[in-house]
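# Structure assessment
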Amino acid sequence: MASSSLPSAFLQSQFHLPQISPKPYSRRSSLTPITASISEKSSPINTSPVESSKLPIRKIPGDYGLPVIGPINDRLDYFYKQGKEEFFKSRSQKYQSTVFRVNMPPGPPIASNPNVIVLLDGKSFPVLFDVSKVEKKDIFTGTYMPSTDLTGGYRILSYLDPSEPKHAQLKQFMFYLLKTRRDHVIPEFNSTYTSMFESLEQTIASKGKVGFNDPGDAAAFSFLGKCYFGVDPAATNVGTDGPSLIAKWVFFQLAPILTLGLPAVVEEPLIHTTRLPAFLIKKDYKKLYDYFSSSAGDLLDEAEKMGLSRDEACHNILFAVCFNTFGGMKIFFPSILKYIGRAGVKLHTQLAQEIRSVLKSNGGEVTMAALEQMPLMKSAVYEAFRIEPPVPTQYGRAKRDLVIESHDAQFEVKEGEMIFGYQPFATKDPKIFERADEYVADRFVGEGEKLLKNVFWSNGPETENPTVGNKQCAGKDFVMFISRLFVVELFRRYDSIDIEVASSALGSSITITSLKRATF
């Protein structure tokens, strides 16, 4: 889920929305609430005040090259000659700095100004969350914005800055969506993923292995439809095409910043220098829209009470569910499987023991209270989000002249300059995390919890909460909760899992070669 996407603690979360809550909600006394405030002010973000700093001021190294030529050269390096990781690593080494200037794709002619200031360390990165210092208007996808023809003619919540009045309305609506169906999350997740795992087992038994991504996508979209709206998309005109319809629609938006692994001579003219025309997927989008319009009637009624039109609310629901939430699950569920699967039998046994022991002591039921008693499971999920955040890039435009601090120096940024953070480097900062490039499943157990402030996947520190005044993912707690549910459903059934991993355009492609049934 991306910077304005849908909300371990979701079911216990009590969103304080008195003006929109249809009836009072009583929490069980055993659950400690994690709240999402609707305060007009965002939570303060520590961006290392300059006044107390003794670090030297250094000119930001790097340059943008000649107009047109410089951005194209950087784009070719980024996609083809070096790849993302080496693109940033080589420049950081060259300049001996985690802060430098470069051009980010897509560049011309799609993006007229690709110039950015890159942040690669965990100390400078949080400035991107401070909306008193950076503007978030129309930069959800970076230095270009996809056509609003792909979103019903509306600038969706993800593209709004908190200073815009519509931002608060739409984010409150997202909080309401998450709150009103919270009691359906656990049962629908259990039902959907039980069916998925049973199907995976059958395929492994007959063929010896099974791809996870396609059945995982189908399960994710089915779960979201049933959880949020009580209607399985497969039982409507969408049928089983939902994931493929979404994939095409998302591709039309992100194509300028993706690579399909094809030669540059093919990709450059097709997707990096020309916008794909929205009319080509108009019918696909309409099919998705009709599903949400017919299934979300009660939510759309509530949207009207909040002052939103049904049409705008529906397009925002579609984006939040399909792009942010489903798109996130499409990336981070395979990522969780990759890291936990590769970690080996020892971790698998520890997770199975912890999960089954806690469930047994809670009457065999999966509850929010039970999940909170599984520190290793929670840490293993946090660690997957740290080492491979589902949304790797963040942008912000300086609202005024700023001074940004890295570990080694201070850097002056001028008003209007675009700041860009590549999160996989910031959350693997070796000056913050030991063994930063390794997946350490118990990293956040016990005293390790103090490091959670440096986990940024939700467009904010893990220790902060989303509000209508910031751009932190509205669904932060929801995402973490269903990720924990996924690990619990896996290891309540199986002692261990064997996998094969390949790369894909978005995240990892997972093949499961073995699911060892629970023996204790």
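Residues numbered from 1 in each chain as written. Predicted model: local features only at pLDDT ≥ 70, side-chain atom pairs only at ≥ 80, totals over all residues. Heavy atoms only, no water.

A count of helices and strands for the protein gives 15 helices and ten strands. Considered along the principal axes of its C-alpha atoms, the protein spans approximately 65 × 50 × 50 Å. Counting across all 520 residues of the protein, residues that qualify as buried make up 59%. Split by element, the accessible area of the protein, about 20,900 Å² in all, is 51% carbon and sulfur. A distance of 1 Å separates the average location of the 60 positive side-chain charges in the protein from that of its 57 negative side-chain charges. (Helix = DSSP H or I, 4+ residues; strand = E, 2+ residues; numbered from the N terminus. Buried < 20%, exposed > 50% of the residue type's maximum accessible area, 1.4 Å probe, protein only. Areas by Shrake-Rupley, 256 points an atom, 1.4 Å probe, with all protein chains shown as cover. Lys, Arg positive; Asp, Glu negative; His and termini not counted. Charge placed at Lys NZ, Arg CZ, Asp CG, Glu CD.)

Between helix H3 (residues 165–180) and helix H9 (residues 297–305), whose axes approach to 11 Å, the crossing angle comes to 145°. Here H3 runs over H9; the crossing is right-handed. Within the contact between the two elements, H3 uses Phe 173, Tyr 176, Leu 177 and Thr 180 and H9 uses Leu 299, Glu 302 and Ala 303. For the contact of H3 with H9, the class distribution of residues is five nonpolar, one polar and one charged. (Axes fitted to C-alpha atoms, helices over the stretch in contact; angles between N-to-C directions. Left-handed = near helix turned anticlockwise from the far one by under 90°. Contact = heavy atoms within 4.5 Å. Nonpolar A, V, L, I, M, F, W, Y, C, P; charged D, E, K, R; others polar.)

Next up on the list: the nonpolar core. Grouped together as the largest cluster of nonpolar side chains are 119 residues, with contacts concentrated most on Tyr 193, Phe 223, Phe 229, Trp 249, Phe 292 and Ile 512. Ranked by residues supplied to this core, first place goes to helix H10 (residues 310–343) with 17 residues. When near neighbours in sequence (up to four residues on either side) are disregarded, Phe 223 contacts Val 185, Glu 188, Phe 189, Thr 192, Tyr 193, Met 329, Phe 478 and Ile 482. Formed by 19 residues, the second largest nonpolar core is a distinct cluster that contains Ile 117, Ala 398, Leu 402 and Ile 419. (Core = buried A, V, L, I, M, F, W, Y, C linked by side-chain atoms within 4.5 Å.)

Most of strand S8 (residues 418–422) is tucked away: five of the five residues are buried. Side chains of S8 alternate between two faces, with Met 418, Phe 420 and Tyr 422 and Ile 419 and Gly 421 buried alike. Note: strand S2 (residues 115–119) against S8, three bridges, orientation parallel. Bridging from a neighbouring strand, Val 118 pairs with Phe 420 of S8. Sheet topology note: the strand S5 (residues 393–398)/S8 ladder contains five bridges and is antiparallel. From the neighbouring strand, Tyr 395 faces S8, where its bridge partner is Phe 420. (Pairing = 2+ DSSP bridges.)

Moving on, we get to the side chain of Thr 151. Here Thr 151 shows up in the loop between strand S3 (134–135) and H3. Within the structure, the side chain of Thr 151 is placed 2.8 Å from the backbone oxygen of Tyr 154, a separation counted as a polar contact. When sequence neighbours within four positions are dropped, the list of residues in contact with Thr 151 reads Ile 156, Trp 249, Gln 253, Tyr 285, His 315 and Phe 319. (Polar contact = N/O pair within 3.5 Å; in protein donor to acceptor, adjacent residues only side chain to side chain.)

Spatially, the five strands line up as an open sheet ordered S1-S2-S8-S5-S3, and their pairing is mixed. Looking at strand neighbours, the two that pair on one side only are strand S1 (99–103) and S3, the edges of this open sheet. Pairing of S1 with S2, which is carried by five bridges, proceeds in the antiparallel orientation. From the neighbouring strand, Val 99 faces S2, where its bridge partner is Leu 119.

Our next topic: H10. Over its 34 residues, H10 runs 47 Å from end to end, which matches the ideal 50 Å to within 8%, given 1.5 Å per residue. Phe 326 marks where H10 bends most, by close to 25°. Across the 34 residues of H10, 29 count as buried, placing the element largely inside the fold. Just past H10, the residue Gly 344 takes up positive phi, approximately 100°. (Expected span 1.5 Å × (residues − 1). Bend = angle between axes of the 7 residues up to and from the residue.)

Moving on to the packing of aromatic side chains. Inspection of the entire model under this criterion finds 45 aromatic pairs. Looking at Arg 91, its charged tip hangs above the ring of Phe 87, at a distance of 4.0 Å from the centre. Stacked on the ring of Phe 520, the Lys or Arg Arg 356 has its end atom at 4.3 Å from the ring centre. (Phe/Tyr/Trp six-rings, centres within 6.5 Å; stacked < 30°, edge-to-face > 60°. Lys NZ or Arg CZ within 6 Å of the ring centre and 35° of its normal.)

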